[in-house]
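# Examination of the molecular architecture
Read off the chains here:
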Amino acid sequence: MKLTGMVLLAVVMAATVCAQRPRPVQKDTATDAAKATPPPAPQSMAAKYEGGIFGYNKTLEGTLSFDDTNQRLLFRKNNKDLFFIPYNAVTSTFSDTQKRRPTAATVGQVVPYLGWPIGMIKTKVRYLTLQYSDPDTRVAGVTSFRLDNKDLLDSVVFTLANKAGLVRRGEIYVRKRDDAEAKKNTP
């Protein structure tokens with residue numbers, strides 16, 4: 001009986017030790033290639049400004065455009081230029097997805113017996129989030145624009161990152177600091 005218990009214990013320990021060995025990471029090259037190069041973004045697209053730029057506190061619906069001749073990302077409403085962010089001021093950009101409850105589902109919670117199932121409804125909202133720091137005006141901040149779908153958002157993030165000279169770090173794009181700038185800011 002003791003011998004059977006010892007053999008069983010040895011087998012379990014050997015299986016545990018073998019299970020702890022490192023395994024090679026398998027990369028799916030097809031999804032990496034597709035993720036690296038989404039289709040080019042349109043020159044202008046419908047967007048909803050969600051806040052983050054000084055002087056524009058309210059959400060606005062308008063058009064977000066790439067103004068390549070002036071090297072800037074331009075937001076317009078009713079064919080009027082409201083504000084812009086220069087490409088060289090963009091320090092990082094990424095796509096953000098949040099689950100939000102629609103207004104109709106929030107109002108539906110007031111009605112007894114119907115509020116509980118209606119309150120469970122949530123939709124995915126997709127945002128283009130930018131962190132900027134303008135060297136000319138010394139204005140910095142974080143702003144976001146709501147876009148329609150994931151494919152459009154991915155292509156806008158990729159196109160903006162290429163035009164602004166950003167490099168990929170995981171799921172976000174950031175601007176690398178120059179060595180001279182890093183030494184200047186080091187105590």
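Scroll up for the structure.
Report on the accompanying structure. (Residues numbered from 1 in each chain as written. Predicted model: local features only at pLDDT ≥ 70, side-chain atom pairs only at ≥ 80, totals over all residues. Heavy atoms only, no water.)

### Observations regarding the packing of aromatic side chains
Using the criterion set out here, one finds seven aromatic pairs in the structure. Linked through ring pairs, Tyr49, Tyr56, Phe75, Phe83 and Phe145 together constitute an aromatic cluster. (Phe/Tyr/Trp six-rings, centres within 6.5 Å; stacked < 30°, edge-to-face > 60°.)

### A word on the nonpolar core
Looking at soluble globular proteins, one finds that nonpolar side chains tend to be buried together. Leu64, Phe66, Leu128, Leu130, Phe145, Leu147 and Val156 are the most contacted members of the largest nonpolar core, which totals 30 residues. Residue assignment for this core shows that the elements contributing at least two residues are β1 (44-49), β2 (60-67), β3 (72-77), β4 (80-86), β6 (123-134), β7 (139-147) and α5 (150-164). The element contributing the most residues to this core is α5, with eight residues. Leave out the neighbours within four places in its chain, and leucine 130 touches Leu73, Ile85, Val90, Ser92, Thr93, Gly141, Val142, Thr143, Phe145 and Leu160. (Core = buried A, V, L, I, M, F, W, Y, C linked by side-chain atoms within 4.5 Å. Buried < 20%, exposed > 50% of the residue type's maximum accessible area, 1.4 Å probe, protein only. Helix = DSSP H or I, 4+ residues; strand = E, 2+ residues; numbered from the N terminus. Contact = heavy atoms within 4.5 Å.)

### Comments concerning the pattern of salt bridges
A side chain with one charge can pair with a side chain of the opposite charge if their charged atoms come near. By the definition in use, this model includes four salt bridges. Residues arginine 76 and aspartate 81 are paired through a salt bridge, measuring 2.7 Å at the closest nitrogen-oxygen approach. A salt bridge links lysine 150 to aspartate 154; the shortest N-O distance between them is 3.1 Å. Of the two residues, lysine 150 and aspartate 154 both sit in helix α5, four residues apart, roughly one turn of that helix. (Salt bridge = Lys/Arg side-chain N within 4 Å of Asp/Glu carboxyl O.)

### Considerations on a nonpolar patch on the surface
A contiguous nonpolar patch, built from Leu3, Val7 and Val11 and spanning about 300 Å² of accessible area, is present on the exposed surface. Tracing the sequence through the fold places valine 11 in helix α1 (residues 2-19). (Patch = residues over 30% accessible without salt bridge, like charges linked within 9 Å, V, L, I, M, F, W, Y side chains within 5 Å. Areas by Shrake-Rupley, 256 points an atom, 1.4 Å probe, with all protein chains shown as cover.)

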